[in-house]
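Here are the chains, one letter per residue:
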There are 2 protein chains.
Amino acid sequence: MPLSWFKAPQPQLSIGVGPWSARRVSAGIFYNRGRVEVPGGFSAFSSLAANHHPEALPRSATRSELDYAPVTVDLPGGSTGKWPSLWLRDNCQCSKCIHPDTRQRLVDTFSIPEDIKPLAVRNLENHLEIEWANDGHTSTYRYNWLSEHHLNQNSSEPNSVKFSPERQYVADDPKTYPTVLFDEVMSSDEGVRKWTDQIYRFGFSFVKGSPPTPEATEKLLERIAFIRPTHYGGFWDFTSDLSLKDMAYTTEGLGGHTDTTYFTDPAGLQLFHMLSHTNGSGGESLLVDAFEAAKTLYKEDPEAYRVLKEHGVSGHASGNEHVCIQPARPFPVLNHHPDTGELYQVRWNNEDRKPIVNASPEEISRWYAAARKFNEILTRKDMERWFQLEPGTPMIFDNWRMLHGRSPFSGKRRMCGGYINHDDFMSRYLLLRDGREKVLGRI
Amino acid sequence: MPLSWFKAPQPQLSIGVGPWSARRVSAGIFYNRGRVEVPGGFSAFSSLAANHHPEALPRSATRSELDYAPVTVDLPGGSTGKWPSLWLRDNCQCSKCIHPDTRQRLVDTFSIPEDIKPLAVRNLENHLEIEWANDGHTSTYRYNWLSEHHLNQNSSEPNSVKFSPERQYVADDPKTYPTVLFDEVMSSDEGVRKWTDQIYRFGFSFVKGSPPTPEATEKLLERIAFIRPTHYGGFWDFTSDLSLKDMAYTTEGLGGHTDTTYFTDPAGLQLFHMLSHTNGSGGESLLVDAFEAAKTLYKEDPEAYRVLKEHGVSGHASGNEHVCIQPARPFPVLNHHPDTGELYQVRWNNEDRKPIVNASPEEISRWYAAARKFNEILTRKDMERWFQLEPGTPMIFDNWRMLHGRSPFSGKRRMCGGYINHDDFMSRYLLLRDGREKVLGRI
């Protein structure tokens, strides 16, 4: 690869060896585009002088000053990144350090010298190269990759709350409901991209023109990923005979809820296809966007929001003789990414909720008040989306976001459908949306 | 049911209406065994006087004093429990409030009057009965159930750490390795009970006398629960051809790791059965008890323990073209139950670890130092259990606890096995260990 100073625009880089508290010195030496900084000013070398070694550090330098020597890089686009040397060595992107096929780390992290530091740093055309002083290796990093891996030094406060602008709210008008065609999903990845994009953005989607058979429905679902089995089986095809002991298998009405809160990892997507409904009526379906309801709660009652975000609740599935499933630990109703503060999962199933015992009576009273408020919002008429499922139009939704329910019904309904893990859904969605190169670039 | 004061020993109960800060008054009125307390002393009624109503509260009582009126019950065995009225009404155990088949909650939590309070409290022979003043319902609770549902007012400090004494460490002597017989597992639930008990207590178990076929191995695994499929499929039967792009499918050595740290919910159990090994040698298997190693870390370097307990790390599976799986959020290496402080899951896979970006350089340096220390303990000779897998003796282990690995090998090995979810494993284990009644009694 050619060295980069023949072309513009070029990334700039600088290297500083010193304790974390060291700030960029204003007297940094600039040489062409290779900016070099060494706190204390005892030594400097340019990125251009690839084989130029830094002078020995002063004898007074302590071990902690040597450890994790930070490397600062000015990236294309104007941003600057700073990473510990140990981090950079550990995350070397060369094919000896990351298996080119499996993409797994091959470098033995714990054999890297603790006081590793660069001997030379070179800014090449598309990537940065670092020759290490004390382990005989030369590392490479694409600038795009470095840009994707800025250290988040301002990681979110434990109480921060963010709602992704990508999650959009669908008005209560069946004409605006997100829809794809069975044929486009079955015939092209572009169809699946459109479908998963609707599920991610709006929380649900209808598939029109599906053959009203379990076989076609199963194949449709598998266009996203394999079906997740549970103690109820994998792909299901059932009538309301209560052969499985869960309210879902009755003819009763069901208020809005998310499924499988009794799992450590609740089901990610759920698809329903009503194949037939004979000799009766009723059974309208309900969807409620719990992310939108959470936003409303946050505005109207931040204290209630905080309680539902912080207090863990557990669930159970005990209806069938040979199972009594409970999550490995309690989880809050409102689950947020600890780094970004983004709401990513709502768990709401009052039927399957275990008694709360992990709290003082004061906290319990706060939890009930908060849950009552959230329930009030979730059941507002303008939050509810009611519609009738029809043979030929399966409906799929994000079970980490949308509550679902139904009104009571009479007669015999035949339903089929299944679950998909959220992890597998997100993998499929992001690869189709961004392409493999971009997704891997963020790893 | 007969009233209970004819027999001894009897539970005692008392009821107090007042704010949470109200402490038991020392001048509590005792009447036979029914102890009654009402802070302020304006009114008292005995559990024996089932239809005796409390006087009206003084006009100065505020709303918050009325809400969640606590009910105090002296239970058999000498303990005392205190629960908010709203909690008790919400968790009424009668068959109208909990579906007798599905065990799901039927009472509409959010229709219960916020200021619900008891009109009468009766201690019957095996259960407590509460007649509510303001919703027309009478609730029942078995005393055993109440005993199991003491409110944990001392829920663990965020930094508390506990190691379950049930998790036992197996010495490095193959004669002491936990073992069951294929026939006992296949022929009786008692065999499965013994098997799952070994897996839970010791982290692993060998099954002797298995037919060396995939069919028999699959049936064996399904004695615990259904097999969990992943993007690699369900039950697997493979040789080292790298048809699937993961290091597991090579002939290379693998250091100790847990599997599927790239899932929100890593695989719970993993079973390996080596069906054959021809034209080569090597491929010894490794197990390391990471719970035991964590205990050692806690003793030797509590600060490192804290860092691995608090700092989230993410993983990825990107080796195959159509997947790039990542957990919904980062998880720490050492995962603790938030209420009990018990270590319940270790996630340790350096190969699949994503670069850490959700931290300042200082925190990253601390994380690397802590991980290095944990790795040093995990790789101590006395932590490692090396053995050779043999046809006819499948080995199963708890992937939330035990690291596994192998030495490099030559020749052709045929392996089969699969995963089981931890939730499904725990369901099966606890039901077999304690029986359905006892397990449901804790719900």
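Higher on the page you've got the structure.
Quick caveat: nothing in here was measured; it's all calculated off a predicted structure.

Draft legend 1. Here's a closer look at the overall build of chain A. Helix and strand counts for chain A stand at eleven helices and 20 strands. Looking at chain A as a whole, 58% of its 443 residues are labelled buried. As displayed, chain A offers around 17600 Å² of accessible surface, 50% of which is attributable to carbon and sulfur atoms.

Draft legend 2. View of the interface of chain A and chain B. At the junction of the two partners, chain A supplies 91 residues and chain B supplies 91 residues. In total, about 8100 Å² of surface goes out of reach between chain A and chain B, with carbon and sulfur atoms giving 60% of it. Contact with chain B buries surface across chain A, with A:F110, A:Y368 and A:R372 losing the most and accounting together for 10% of the total. On inspection of chain A and its partner chain B, the count reaches two salt bridges. Of the charged contacts in the structure, one is a salt bridge between B:R353 and A:D90, with a shortest N-O distance of 3.0 Å. On the surface where chain A and chain B come into contact, there are 36 residue pairs in polar contact (both at pLDDT 80 or more). Looking at the side of chain A that touches chain B, the elements with two or more residues in it are α2 (85-90), α9 (361-378), α10 (422-434) and α11 (436-441) of chain A.

Draft legend 3. Representation of the pattern of salt bridges in the model. Residues and elements named next belong to chain A. Enumeration over the complete set of coordinates arrives at 51 salt bridges over all chains. With a shortest N-O distance of 2.9 Å, R193 and E190 are connected by a salt bridge. Of the two residues, R193 and E190 both sit in helix α5 (residues 189-202), three residues apart, roughly one turn of that helix. A relative accessible area of 25% means that R193 is categorised as partly exposed. Connected via shared salt-bridge partners are E166, R433, D434 and R442.

Draft legend 4. Seen up close, the packing of aromatic side chains. The tally for this structure, following the rule as stated, stands at 42 aromatic pairs over all chains. Judged by centre distance (5.9 Å) and plane angle (70°), the rings of A:F163 and A:Y298 are edge-to-face. Of the two residues, A:F163 sits in the loop between α3 (143-148) and β9 (179-181) while A:Y298 sits in helix α7 (residues 290-300), which places them 135 residues apart along the sequence. Owing to a relative accessible area of 35%, A:Y298 belongs among the partly exposed residues under this scheme. Ring centres of B:Y200 and B:Y429 lie 4.7 Å apart, and the angle between their planes is 25°; on these two criteria the pair is classed as stacked.

Draft legend 5. Highlighting the sheet that holds strand β11 (residues 236-238) of chain A. Residues and elements named next belong to chain A. Pairing within the open sheet is mixed, and its six strands lie in the order β9-β10-β18-β13-β20-β11. Lying at the two open borders of the sheet, with one neighbouring strand each, are β9 and β11. Across the sheet, the mean angle separating the axes of adjacent strands is 20° when strand polarity is ignored. Where strand β13 (residues 269-278) lies against strand β18 (residues 395-398), four bridges are found, and the strand directions are antiparallel. Its bridge partner lying in β18, L271 is registered against I396.

Basis of the calculations
- Note that residues are indexed from 1 along each chain, following the sequence as it is written.
- The order in which chains are written sets their letters, starting at A; the order in which ligands are written sets their numbers, starting at 1.
- In view of the model being predicted, local features appear only for residues whose pLDDT reaches at least 70, and side-chain atom pairs are presented and counted only at 80 or more, with totals across whole chains, interfaces and linings using the full set of residues.
- Side-chain measures were taken over the full set of non-hydrogen atoms in the model, leaving aside hydrogen atoms and water.
- Per the convention used, a helix needs a DSSP run of H or I reaching at least four residues, while a strand needs a run of E reaching at least two, with both numbered from the N terminus.
- When accessible area is computed with a 1.4 Å probe and restricted to protein chains, residues below 20% of their type maximum are described as buried, those above 50% as exposed, and intermediate ones as partly exposed.
- The method behind every accessible area is Shrake-Rupley, applied with a 1.4 Å probe, and residues are considered shielded solely by the protein chains displayed.
- Working rule for contacts: check all heavy atoms of both residues, and any pair within 4.5 Å makes them a contact.
- By buried area we mean how much accessible surface two parts lose on assembly, using a 1.4 Å probe and totalling the loss over both.
- Take a side-chain nitrogen of Lys or Arg and a carboxyl oxygen of Asp or Glu: if they are within 4 Å of each other, that pair is a salt bridge.
- The term polar contact refers here to a pair of N or O atoms within 3.5 Å; inside protein, the definition further demands a hydrogen-donor-capable atom paired with an acceptor-capable atom, and it admits residues adjacent in sequence only when both atoms are side-chain atoms.
- Here is the rule: rings of Phe, Tyr and Trp (six-membered ring for Trp) pair when centre to centre is within 6.5 Å. Planes less than 30 degrees apart are stacked, more than 60 are edge-to-face, and the remainder are tilted.
- Being paired, for any two strands, means DSSP has found at least two bridges between them.
- Inter-axis angles, ranging from 0 to 180 degrees, are taken between N-to-C directions of lines fitted to C-alpha atoms, where helices are fitted over the stretch in contact.

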